[in-house]
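Residues per chain, in single letters:
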Amino acid sequence: TDFTNNSVVGGSSIIISNQQQTDNTFSSLQFIAKEGGGNDQSAAIVVESTSATTYSPKLHIVQRTAANTQSTRLTVDESGRVGIGTTSPSKLLHLDSSSGYAEMRLSGTSGGGTLEFYNDSTALGDVYFDTDKHFYVRTGGATQALKLDASQNATFAGDITLTGGDIFSANLGLQTTNGTGTI
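Because the structure is predicted, anything quoted here is derived from the model rather than measured.

## Regarding the overall build of the protein chain
Line of reasoning, step 1. Helix and strand content of the protein chain: zero helices and 13 strands.
Line of reasoning, step 2. Counting from the amino terminus, the protein chain carries its helices and strands in the arrangement β-β-β-β-β-β-β-β-β-β-β-β-β.
Line of reasoning, step 3. Counting every position in the protein chain, which comprises 183 residues, the buried fraction comes to 12%.
Line of reasoning, step 4. Put simply, of all contacts in the protein chain between residues at least 6 apart along the chain, 7% involve residues at least 24 apart.
Line of reasoning, step 5. For the protein chain, the computed accessible surface area is about 14500 Å², with 50% contributed by carbon and sulfur atoms.

Next comes the structure, spelled out in structure tokens:
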């Protein structure tokens, strides 16, 4: 759908408007449901005016987390950056946890998850897990560069170059064109 026209493409709409000419004012659409004990459980979609001199506001998804507390769960800022756990995203997608690690799950019914990297439409590489719990790094969209199996054995497709530091190992296997050996 083309939303470039200010009339919201001539369709029907519900308008909630806050006409204050002040930065950081809000308009919202709130949803409330009562749980079995009679407490209101609520969430809202909130539009916040910003000090930006453009037509782009911030958009927030908030949840009621206590009697008089609304917590922002997701923010789309005036530049289109999405923040989950933050109201000031610094990247296109910014995940922030208020305690512990910021975690993300990729899940599929026929395998693990894949994180792909592109330059426009050109595949640069990806990282993924398969159903055998093998972790892969691929370059160029399809060329396996690294495989780490479930036993934590690593297979590299190319040369390994070490700069600085030391290698400590009780069993370092080397393979040559004439066979294998152990140092």
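Still more ground to cover, so stick around.
## Some remarks on the sheet that holds strand β8 (residues 122-129)
Line of reasoning, step 1. Taken in spatial order, the five strands line up as β7-β8-β9-β10-β11 in an open sheet, and their pairing is antiparallel. Of all strands in the sheet, those with a lone pairing partner are β7 (114-119) and β11 (154-156), marking the two edges. Strand-to-strand twist in this sheet, taken as the mean axis angle between neighbours without regard to direction, amounts to 15°.
Line of reasoning, step 2. Where strand β10 (residues 143-148) and β11 come together, three bridges link them in antiparallel fashion.

## Topic: the pattern of salt bridges
Line of reasoning, step 1. In this structure the tally under the stated criterion is three salt bridges.
Line of reasoning, step 2. Note that K34 is salt-bridged to D40, the shortest N-O span being 2.6 Å.
Line of reasoning, step 3. On the basis of relative accessible area, D40 is assigned to the partly exposed category, the value being 32%.
Line of reasoning, step 4. Where R138 meets D126, a salt bridge forms, and the shortest distance between an N and an O atom there is 2.8 Å. One end of the pair, R138, is in strand β9 (residues 135-139); the other, D126, is in strand β8, with 12 residues separating them in the sequence.
Line of reasoning, step 5. For R138, a relative accessible area of 24% translates into the label partly exposed.
Line of reasoning, step 6. The buried category is assigned to D126, whose relative accessible area is 4%.

## Let's talk about the packing of aromatic side chains
Line of reasoning, step 1. Applying the stated rule across the entire model yields two aromatic pairs.
Line of reasoning, step 2. Ring geometry for Y128 versus Y136: centroids 4.7 Å apart, planes at 15°, classification stacked. Grouping residues by exposure puts Y128 and Y136 together as buried.
Line of reasoning, step 3. Measuring from ring centre to ring centre gives 5.0 Å for F129 and F135, while their planes differ by 50°; the resulting arrangement is tilted.
Line of reasoning, step 4. Take F129: its relative accessible area is 45%, and that puts it in the partly exposed class.

## Observations concerning a nonpolar patch on the surface
Line of reasoning, step 1. There is a patch of nonpolar side chains on the surface, built from I14, I16, L29, F31, I45, V47, L59 and I61 and spanning about 690 Å² of accessible area.
Line of reasoning, step 2. For the nonpolar patch, the secondary-structure elements that each account for two or more residues are β1 (26-34), β2 (40-48) and β3 (58-66).
Line of reasoning, step 3. Structurally, V47 can be placed in strand β2.

## Details of the sheet that holds strand β6 (residues 93-95)
Line of reasoning, step 1. A sheet is described by the order of its strands in space; here six strands give the open sequence β1-β2-β3-β4-β5-β6, paired in mixed fashion. Strands with a single pairing partner mark the edges of an open sheet, and in this sheet they are β1 and β6. Strand-to-strand twist of the sheet, defined as the mean angle between neighbouring strand axes without regard to direction, takes the value 25°.

## So, unusual backbone geometry
Line of reasoning, step 1. Even without a glycine there, the phi angle at N24 is positive, about 65°.
Line of reasoning, step 2. With respect to the helices, strands and loops of the structure, N24 is situated in the segment before β1.

## Describing the environment of K58
Line of reasoning, step 1. If you trace the backbone, K58 turns up in strand β3.
Line of reasoning, step 2. On a C-alpha basis, the gap between K58 and F26 in space is 9.6 Å, while along the polypeptide they are 32 residues apart.
Line of reasoning, step 3. When residues no more than four places from it in sequence are discounted, the contact partners of K58 are V46, V47, E48, T50, T75, V76, D77, E78, T87 and S88.

What counts and how
Residues numbered from 1 in each chain as written. Predicted model: local features only at pLDDT ≥ 70, side-chain atom pairs only at ≥ 80, totals over all residues. Heavy atoms only, no water. Helix = DSSP H or I, 4+ residues; strand = E, 2+ residues; numbered from the N terminus. Buried < 20%, exposed > 50% of the residue type's maximum accessible area, 1.4 Å probe, protein only. Contact = heavy atoms within 4.5 Å. Areas by Shrake-Rupley, 256 points an atom, 1.4 Å probe, with all protein chains shown as cover. Pairing = 2+ DSSP bridges. Axes fitted to C-alpha atoms, helices over the stretch in contact; angles between N-to-C directions. Salt bridge = Lys/Arg side-chain N within 4 Å of Asp/Glu carboxyl O. Phe/Tyr/Trp six-rings, centres within 6.5 Å; stacked < 30°, edge-to-face > 60°. Patch = residues over 30% accessible without salt bridge, like charges linked within 9 Å, V, L, I, M, F, W, Y side chains within 5 Å.

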